[in-house]
Amino acid sequence: MDPPTAKPVRVFLVAEHSALRKSLEMLLEDEGLAVCSAAPSGAGVLSELSAGADVMVVGLSGGWEGGLDLIRELASRPRALP
């Protein structure tokens with residue numbers, strides 16, 4: 001019997017620029033991670049968490065301060081994503 005195959009870590013990306021999101025997605029997938037969803041901002045992200053993400057990567061570049069608010073909101077939840 002074959003050993004069970006480990007499921008890849010599922011990542012939710014939040015980054016303002018589409019080129020950055022796509023680049024991060026390619027880098028993460030090259031490392032064996034699975035990008036399950038991506039968004040340009042925090043708006044609507046909280047409702048999309050049902051995508052089954054194990055971890056969230058939030059870009060803070062470009063002076064987008066909403067990323068910090070999103071991280072604080074997520075951290076305050078009982079089942080916070082890393």
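In the block above lies the structure referred to throughout.
K.L.:
Would you mind showing me how to read the overall build of the protein here?
P.N.:
Within the protein, the secondary structure is distributed over three helices and three strands. In the protein, the succession of α and β elements from N to C terminus is β-α-β-α-β-α. For the protein, the proportion of its 82 residues judged to be buried stands at 23%. Put simply, 67% of the contacts in the protein that link residues at least 6 apart link residues at least 24 apart.

K.L.:
Quick question: what am I supposed to make of helix H1 (residues 18-30) here?
P.N.:
Owing to its 3.6 residues per turn, the α-helix aligns residues three or four sequence positions apart on the same side. Between the first and last C-alpha of H1 there are 18 Å, a value that for 13 residues agrees with the 18 Å anticipated at 1.5 Å per step. Of the residues flanking the end of H1, it is Gly32, one or two places downstream, whose phi is positive at about 90 degrees.

K.L.:
Just checking my understanding: could you explain the sheet that holds strand E1 (residues 10-14) for this structure?
P.N.:
In any sheet, the strands associate via hydrogen bonds between backbone groups, in a parallel or an antiparallel arrangement. With parallel pairing, three strands are arranged side by side in an open sheet as E2-E1-E3. What marks the edges here is a single partner per strand, and that holds for strand E2 (34-39) and strand E3 (55-58). Neighbour-to-neighbour, the strand axes of this sheet turn through a mean angle of 25 degrees, independent of strand direction. Inspection of the sheet shows E1 paired to E2 by five bridges, in the parallel sense. In the sheet register, Phe12 faces E2, and the bridge partner there is Ser37.

K.L.:
Could you clarify how one ought to interpret the nonpolar core in this entry?
P.N.:
It is characteristic of soluble globular proteins that their nonpolar side chains tend to be buried jointly. Membership of the largest hydrophobic core is limited to nine residues, which are Phe12, Val14, Ala39, Val45, Ala53, Met56, Val58, Leu70 and Leu74. Within the residue set of this core, elements represented by two or more residues are E1, E3 and helix H3 (66-75).

K.L.:
So what exactly am I meant to see when it comes to the pairing of E1 here?
P.N.:
Successive residues of a regular strand alternate their side chains across the two faces of the sheet. Burial runs high along E1: four of the five residues are buried. The parallel pair E1 and E2, bridged by H1, forms a crossover whose chirality is right-handed. Of the strand pairs in this sheet, E1 and E3 are connected by four bridges, and their pairing is parallel. Of the residues in E3, the one forming a bridge with Phe12 is Met56.

K.L.:
Help me understand a nonpolar patch on the surface, please; the structure alone is not making it clear to me.
P.N.:
Together, Leu60, Leu68 and Ile71 make up a nonpolar patch on the protein surface, roughly 230 Å² of accessible area in all. For Ile71, the position within the fold is in helix H3. Judged by relative accessible area, which is 37%, Ile71 ranks as partly exposed.

K.L.:
Is there a simple way to think about the environment of Val14 in this case?
P.N.:
Its place among the elements puts Val14 in strand E1. Separated by 56 residues in sequence, Val14 and Leu70 place their C-alpha atoms 9.7 Å apart.

Cut-offs used in this document
Residues numbered from 1 in each chain as written. Predicted model: local features only at pLDDT ≥ 70, side-chain atom pairs only at ≥ 80, totals over all residues. Heavy atoms only, no water. Helix = DSSP H or I, 4+ residues; strand = E, 2+ residues; numbered from the N terminus. Buried < 20%, exposed > 50% of the residue type's maximum accessible area, 1.4 Å probe, protein only. Contact = heavy atoms within 4.5 Å. Expected span 1.5 Å × (residues − 1). Pairing = 2+ DSSP bridges. Axes fitted to C-alpha atoms, helices over the stretch in contact; angles between N-to-C directions. Core = buried A, V, L, I, M, F, W, Y, C linked by side-chain atoms within 4.5 Å. Right-handed = clockwise from strand over helix to strand, strands pointing away. Patch = residues over 30% accessible without salt bridge, like charges linked within 9 Å, V, L, I, M, F, W, Y side chains within 5 Å. Areas by Shrake-Rupley, 256 points an atom, 1.4 Å probe, with all protein chains shown as cover. Salt bridge = Lys/Arg side-chain N within 4 Å of Asp/Glu carboxyl O.

Worth remembering: the numbers are spatial, not functional.
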